[in-house]
Amino acid sequence: MPESIIIDTDPGIDDFMAILFALKSPELDVLALTTVFGNHYVEITTRNALRLLELAGRDEIPVARGAHAPLVREYREPPTFVHGMDGLGDAGLTGEPDSEAAHTRAAQFIVEAVMSRPGEITLVPIGPLTNIAMALKLEPRLVQATKRVVLMGGAAFAPGNVSPVAEANIFNDPEAAALVLSADWEVVMVGLDVTTRIDMSRQYIDALSATRAPYAELVARIVPHYQAFHARVYHNDGALHTHDPAAIAYLIRPNLFQTAPYRVRVGTSGVSTGQIVVDREHKWYDGVATAICADVDAGGILELYRERITR
Ligand code: RIB
Ligand code: CA
């Protein structure tokens with residue numbers, strides 16, 4: 001029986017790569033995409049989500065538009081230096097889909113979907129956690145009714161990517177992350193501790209493209225801008241950190257990861273804004289522990305991604 005999932009996303013190049021991965025994996029049933037600000041304004045991430053599903057031949061999947069800003073902070077300008085002016089690598093992929101096709105109010109959509117099938121739906125946030133936090137505020141029983149939450153975000157023991165201690169999704173709405181990560185539900189955190197160790201080289205991407213499989217060609221078309229960013233910032237040959245696809249990989253092959261349970265809190269001020277504060281001694285915080293992904297079989301993830309995206 002496939003696991004029913006709702007992907008909460010800010011597409012975004014690696015979001016695009018992750019969603020195609022999920023669509024090609026029979027272990028998963030993608031019920032809907034809910035969109036959020038982050039890699040771009042929510043109007044753009046919503047347009048990109050609709051366009052992505054059109055390109056993937058899956059525009060029967062509903063898209064619910066979500067938050068345009070964090071719970072209590074202002075949204076800064078989008079990181080176009082990472083994901084391009086159009087949010088999808090300026091690769092000429094963004095048409096003008098019918099943006100009316102997007103339901104509104106992602107939080108309401110999440111609540112209605114999960115409460116209609118208690119215990120059966122997994123939430124997969126791969127952007128800022130604003131929609132998830134808003135859904136929790138709307139319906140606190142979501143904690144019991146959600147099967148589990150598998151999120152891309154955070155850095156438990158690894159350095160941050162937007163500050164020495166903060167990862168982008170958590171940094172973009174630390175108050176929302178604090179709510180989500182302190183609620184008593186099952187959360188798996190697929191963070192920079194593992195995603196920065198899963199590198200897609202240029203050769204790997206070229207090999208995907210050489211198969212001429214439709215989804216692989218979409219990936220190869222969308223990544224050049226992201227490769228250039230990685231080459232500039234990480235001084236590698238443009239090898240990509242596989243952030244969002246790693247959350248999908250966890251759903252499909254959890255045995256490729258090693259997790260450890262820790263209670264965590266989220267920094268919301270000063271230099272610790274967006275930091276995942278880990279109770280390493282298991283004595284300071286109460287509540288359900290978060291399963292932190294601490295190690296990964298990176299080669300296994302890359303092989304799994306290749307096998308699926310070239311189908
Ligand atoms: O830090 C990486 C995360 O931030 C990914 O989800 C990427 O898409 C951006 O949203
Ligand atoms: Ca993302």
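The structure under discussion appears in the preceding block.
Let me begin by describing the structure that accompanies this report.

Rules used in this analysis
Residues numbered from 1 in each chain as written. Chains lettered and ligands numbered in written order. Predicted model: local features only at pLDDT ≥ 70, side-chain atom pairs only at ≥ 80, totals over all residues. Heavy atoms only, no water. Donors = N, O, S within 2.8 Å, 3.2 Å for Na, K, Ca; no water. Helix = DSSP H or I, 4+ residues; strand = E, 2+ residues; numbered from the N terminus. Buried < 20%, exposed > 50% of the residue type's maximum accessible area, 1.4 Å probe, protein only. Axes fitted to C-alpha atoms, helices over the stretch in contact; angles between N-to-C directions. Parallel < 35°, antiparallel > 145°, perpendicular 65-115°, else oblique. Left-handed = near helix turned anticlockwise from the far one by under 90°. Contact = heavy atoms within 4.5 Å. Nonpolar A, V, L, I, M, F, W, Y, C, P; charged D, E, K, R; others polar. Salt bridge = Lys/Arg side-chain N within 4 Å of Asp/Glu carboxyl O. Near = heavy atom within 4 Å. Polar contact = N/O pair within 3.5 Å; in protein donor to acceptor, adjacent residues only side chain to side chain. Areas by Shrake-Rupley, 256 points an atom, 1.4 Å probe, with all protein chains shown as cover. Core = buried A, V, L, I, M, F, W, Y, C linked by side-chain atoms within 4.5 Å. Phe/Tyr/Trp six-rings, centres within 6.5 Å; stacked < 30°, edge-to-face > 60°.

1. Considerations on the coordination of the calcium ion (ligand 2)
Then comes step 1: Looking at the calcium ion (ligand 2), one finds its protein donor set to be Asp10 (OD), Asp15 (OD), Asp15 (OD), Ile126 (O) and Asp244 (OD), positioned 2.2 to 2.6 Å from the metal centre.
Then comes step 2: Read N to C, the donor residues that coordinate the calcium ion (ligand 2) are spaced as D-x4-D-x110-I-x117-D. Within this pair, whereas Asp10 is found in the loop between strand E1 (3-9) and helix H1 (13-23), its partner Asp244 is found in helix H13 (residues 243-252), the two being separated by 234 residues in sequence.
Then comes step 3: For Asp10, a relative accessible area of 1% gives the class buried.

2. Focus: the packing of helix H10 (residues 202-210) against helix H11 (residues 214-222)
Then comes step 1: One can describe the packing of H10 onto H11 by two numbers: an axis separation of 7 Å at closest approach and a directional angle of 140 degrees. Looking at the two axes, H10 sits oblique to H11. H11 is crossed by H10, and the crossing has left-handed handedness. From H10, Ile205, Leu208 and Ser209 reach across to H11, where they touch Ala216, Glu217, Val219 and Ala220.
Then comes step 2: For the contact of H10 with H11, the per-class residue count stands at five nonpolar, one polar and one charged.

3. Considerations on helix H4 (residues 106-116)
Then comes step 1: The set of residues buried in H4 consists of Ala106, Ala107, Phe109, Ile110, Val111, Ala113 and Val114.
Then comes step 2: Summarising the contacts, the buried residues of H4 are in contact with E1, strand E2 (28-35), strand E3 (63-65), strand E4 (121-125), helix H5 (130-138) and helix H6 (142-145).

4. Quick look at unusual backbone geometry
Then comes step 1: Located in the positive-phi region is His235, a residue other than glycine, with phi close to 50 degrees.
Then comes step 2: The residue His282 is not glycine, and still its phi comes out positive at about 60 degrees.
Then comes step 3: Mapped onto the elements, His282 comes out in the loop between strand E11 (276-278) and strand E12 (290-296).
Then comes step 4: Residue His282 is classed as partly exposed on the basis of its relative accessible area, which comes to 45%.

5. A word on the pattern of salt bridges
Then comes step 1: Evaluated as defined, the whole model comprises 16 salt bridges.
Then comes step 2: Of the charged contacts, one joins Arg311 and Glu307 as a salt bridge, the two residues approaching to 2.9 Å between their closest N and O atoms.
Then comes step 3: Among the ionic contacts, a cluster of salt bridges with common partners joins Glu27, Arg253, Glu307, Arg308 and Arg311.

6. Here we look at the site of ligand 1
Then comes step 1: For ligand 1, the full set of nearby residues is Asp10, Asp14, Asp15, Asn39, Ile126, Met152, Asn161, Glu167, Ala168, Asn169, His243 and Asp244.
Then comes step 2: In the model, an oxygen atom of ligand 1 is placed 2.9 Å from a nitrogen or oxygen of the Asn169 side chain.
Then comes step 3: Burial of ligand 1 by the surrounding chains reaches 95%, relative to a free accessible area of 280 Å².
Then comes step 4: A breakdown of the residues in the shell around ligand 1 according to their chemical character gives three nonpolar, four polar and five charged.

7. Thoughts on the packing of H5 against helix H8 (residues 174-182)
For any two helices packed against each other, one specifies the inter-axial angle together with the distance between the axes.
Then comes step 1: Closest axis-to-axis distance for the H5/H8 pair is 8 Å, and the angle between their directions is 60 degrees. When the interaxial angle is binned, H5 and H8 end up oblique. Crossing geometry of H5 relative to H8 is assigned as left-handed. From H5, Thr130, Ile132, Ala133, Leu136 and Lys137 reach across to H8, where they touch Ala176, Leu179 and Val180.
Then comes step 2: Looking at the contact of H5 with H8 residue by residue, the class counts come to six nonpolar, one polar and one charged.

8. Observations concerning the nonpolar core
Then comes step 1: Core analysis: the biggest nonpolar cluster contains 69 residues, and Ile7, Val190, Ile248 and Phe257 have the highest contact counts within it.
Then comes step 2: For this core, the element with the highest residue contribution is H1, accounting for nine residues.
Then comes step 3: Sequence-distant contacts of Ile248, that is, excluding residues within four places in its chain, are made with Ile7, Ala18, Phe21, Ala22, Leu28 and Val124.
Then comes step 4: Core analysis: the next-biggest nonpolar cluster, separate from the first, contains 39 residues, Ile110, Ile170, Leu181 and Val187 among them.

9. Digging into the packing of aromatic side chains
Then comes step 1: All chains considered together, the criterion is met by seven aromatic pairs.
Then comes step 2: Taking 4.8 Å as the distance between ring centres and 65 degrees as the angle between the ring planes, the aromatic pair formed by Phe21 and Tyr305 counts as edge-to-face. Of this pair, Phe21 sits in helix H1 while Tyr305 sits in helix H14 (residues 298-309), placing them 284 residues apart in sequence.
Then comes step 3: Measuring from centroid to centroid gives 5.4 Å for Phe157 and Tyr262, while their planes differ by 70 degrees, and the two rings are edge-to-face. Here Tyr262 lies in strand E9 (residues 257-262) and Phe157 lies in the loop between strand E5 (148-152) and helix H7 (168-172), a separation of 105 residues in the sequence.
Then comes step 4: Members of the aromatic cluster, each reached through a chain of ring pairs, are Phe37, Tyr41 and Tyr75.

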